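# Geometric and topological summary
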Amino acid sequence: MSDDQAARPGTAPGPAVAGTTRTRTAAVIPAAGRGVRLGPGAPKALRALGGTPMLVHAVRAMARARDVTLVVVVAPPDDAAGVRHLLDAHPLPASAPVGAADVVVVPGGPTRQDSVRLGLAALPEDVGVVLVHDAARPLVPADTVDAVIAAVRAGAPAVVPALPVPDTVKQVEPRGGGEPEPVTGTPDRSRLRAVQTPQGFDRAVLAEAHERIACEGEGATDDAGLVERLGKPVVVVPGHEEAFKITRPLDLVLAEAVLRRRAKDGY
Ligand code: C5P
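### Quick look at the overall build of the protein
Per the secondary structure count, the protein includes eight helices and 14 strands. Each of the 267 residues in the protein was classed as buried or not, and the buried ones make up 47%. For the protein, the share of sequence-separated contacts (at least 6 apart) that also reach a separation of at least 24 residues comes to 72%. As displayed, the protein has an accessible area near 13100 Å², and 54% of this comes from carbon and sulfur atoms.

Below you can see the structure in the form of structure tokens.
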């Protein structure tokens, strides 16, 4: 693909499907989780950061990317109308290439994997590149999103942003309840990466992975893992420290600090 094509949204060539060409890039945002680790309160994606719901930050982060022309938000199944209302109340800035009509809301499922599958089912035929982005990573910078899209458009079927792991990691026999856990191994830290989202995919590859790979229990927490299990190559590109996942109350404090710094810097 030429630099010229990369600079224009939705113009890179994609495989022809049933008389159409899959040229568009869409983002699916699974946002149907309860977020119990964050403590009691509203579903995680609806909690405020800097006065704005986390989900709205996540939608804006996707819409800021050069190529994204459609965002599919997967809402808690019992509150899709409420999420639609919330997004309508926080329209995208005029500078975003995605217009208000291009943010679609669909109800999610009991596991993250179900929610992503339901989001993929809502994509129009002309979408060729799909990002899957956790609402719980609302502050991912646009450059990271653009880098993921560029790597998919350059030919990688699956692309994951990730960072080296700062801690040494131990593998254990899990016991729970604060009981001492026997250590079974210490992986070589230089070969480990902590993965983030958005993960980017060739749409057909991701759809096939979701159709063919079934996971027990809580389902897949990582879409790239499904593609790995199909036997297709997955590559890692540099992630960003501000793409951290908001899981525990301390993460909210960090996110507020990042937003204050961005407001000062005019981000
Ligand atoms: O629980 P966890 O933090 O791993 O969730 C990751 C993302 O998946 C969150 O954005 C959450 O809202 C979403 N999710 C979902 N449907 C579920 C469970 C989680 O969309 N049933």
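### Thoughts on the side chain of R24
With respect to the element layout, R24 can be found in strand β3 (residues 24-30). Here the side chain of R24 touches T69 through a polar contact of 3.0 Å, side chain to side chain. Leave out the neighbours within four places in its chain, and R24 touches T69, L70, D102, P124, D126, V127, G128, V129 and R153.

### Description of the site of the ligand
Around the ligand sit 15 residues in total, of which P30, A32, G33, G109 and S115 are the nearest. A distance of 2.8 Å is found between an oxygen atom of the ligand and a backbone nitrogen or oxygen belonging to A32. Taking G33, its main chain carries an N or O atom lying 2.9 Å from an oxygen atom of the ligand. Here the ligand has 460 Å² of accessible area as a free molecule, and 84% of this is covered by the chains. Looking at side-chain class alone, the shell around the ligand contains six nonpolar, four polar and five charged residues.

### Observations regarding the nonpolar core
If you look at the biggest cluster of nonpolar residues, it comprises 36 residues, and the most contacted ones within it are L55, V59, M62, V73 and L87. Examining the composition of this core, we find that seven residues originate from one element, helix α2 (residues 54-63), more than from any other. In this view, M62 contacts A27, I29, V68, V71, L131, H133, V140, V145 and P198; residues no more than four positions away in its chain are not counted. Grouped together as the second largest cluster of nonpolar side chains are 24 residues, V28, L70, V74 and F201 included.

### Structural notes on helix α6 (residues 203-212)
Listing the buried residues of α6 in full gives R203, V205, L206, A209 and H210. Relative to the axis of α6, the buried residues are bounded by an arc of 165 degrees and lie together on one face. Among the exposed residues of α6, those pointing more than 90 degrees away from its buried face are E211 and R212. Against α4 (112-121), β8 (127-132), β13 (199-202) and α7 (223-230) lie the buried residues of α6. Among the residues of α6, the N-terminal cap falls to D202, whose side-chain oxygen and the backbone nitrogen of A204 are separated by 3.2 Å.

### Remarks on the pattern of salt bridges
Where charged atoms from two side chains of opposite charge come close, those side chains can pair. One pass over the structure, following the stated rule, counts twelve salt bridges. As a salt-bridge pair, R112 and D134 come within 3.0 Å of each other at their nearest N and O atoms. Highlighted residues: R112 in helix α4 and D134 in the loop between β8 and α5 (142-153), separated in sequence by 22 residues. Taken individually, R112 and D134 each receive the classification buried, so the pair is uniform in this respect. Here the salt bridges do not stand alone but share partners, grouping E242, R261, R262 and D265 into one network.

### So, the pairing of β8
Put simply, side chains in a regular strand alternate between the two faces of the sheet. By the criterion of burial, β8 is predominantly enclosed, with six of the six residues buried. For β3 and β8, the ladder comprises five bridges, and the chain directions are parallel. Paired with A26 across the two strands is V130, which belongs to β8. Direction of pairing for β8 relative to β13: antiparallel, over a ladder of four bridges. Paired with V129 across the strands is D202, a residue of β13.

### Some details on the packing of α2 against helix α3 (residues 80-89)
Think of two packed helices as two axes; the pair is described by the angle between the axes and how far apart they sit. For the pair α2 and α3, the least separation of the axes is 10 Å and the interaxial angle reads 65 degrees. As for how α2 packs across α3, the hand of that crossing is right-handed. In contact with L55, V56 and V59 of α2, α3 contributes V83, L86 and L87. For the contact of α2 with α3, the per-class residue count stands at six nonpolar, no polar and no charged.

About the criteria used
Residue numbers restart at each chain and count upward from 1, following the sequence in its written direction. For a predicted model such as this one, the threshold for reporting local features is a pLDDT of at least 70, and the threshold for listing and counting side-chain atom pairs is 80 or more; totals across whole chains, interfaces and linings nevertheless cover every residue. Hydrogens and water are ignored here; the side-chain numbers use all heavy atoms of the structure. For the purposes of this entry, the term helix denotes a DSSP run of H or I that reaches at least four residues, the term strand denotes a run of E that reaches at least two, and both are numbered from the N terminus. In this scheme, a residue with accessible area under 20% of its type's maximum is buried, one over 50% is exposed, and one in between is partly exposed, where area comes from a 1.4 Å probe on protein chains only. Residue contacts follow a heavy-atom distance rule, with two residues in contact if any of their heavy atoms lie within 4.5 Å. Accessibility throughout is a Shrake-Rupley quantity obtained with a 1.4 Å probe, and a residue counts as covered only by protein chains that appear here. Counting of polar contacts relies on pairs of N or O atoms within 3.5 Å, with two restrictions inside protein: one atom must be capable of donating a hydrogen and the other of accepting it, and residues adjacent in sequence are counted only when both atoms are side-chain atoms. The near set for a molecule or strand comprises every residue that places at least one heavy atom within 4 Å of it. Here the term charged refers only to Asp, Glu, Lys and Arg, the term nonpolar to Ala, Val, Leu, Ile, Met, Phe, Trp, Tyr, Cys and Pro, and the term polar to all other amino acids, Gly among them. Here the nonpolar core consists of buried residues drawn from Ala, Val, Leu, Ile, Met, Phe, Trp, Tyr and Cys, with membership extended through side-chain atoms lying within 4.5 Å. Working definition: the arc comes from the directions between the helix axis and the C-beta atoms, pointing outward to the latter. Definition used for salt bridges: Asp or Glu carboxyl oxygen within 4 Å of a side-chain nitrogen of Lys or Arg. Strand pairing follows a simple DSSP-based rule, namely that at least 2 bridges must link the two strands. A fitted line through C-alpha atoms represents every axis, and for helices the fit uses only the stretch in contact; the resulting angles, taken between N-to-C directions, go from 0 to 180 degrees. Here is the rule for handedness: rotate from the far helix to the near one, and if that takes an anticlockwise turn smaller than a right angle the crossing is left-handed, while a clockwise turn gives right-handed.

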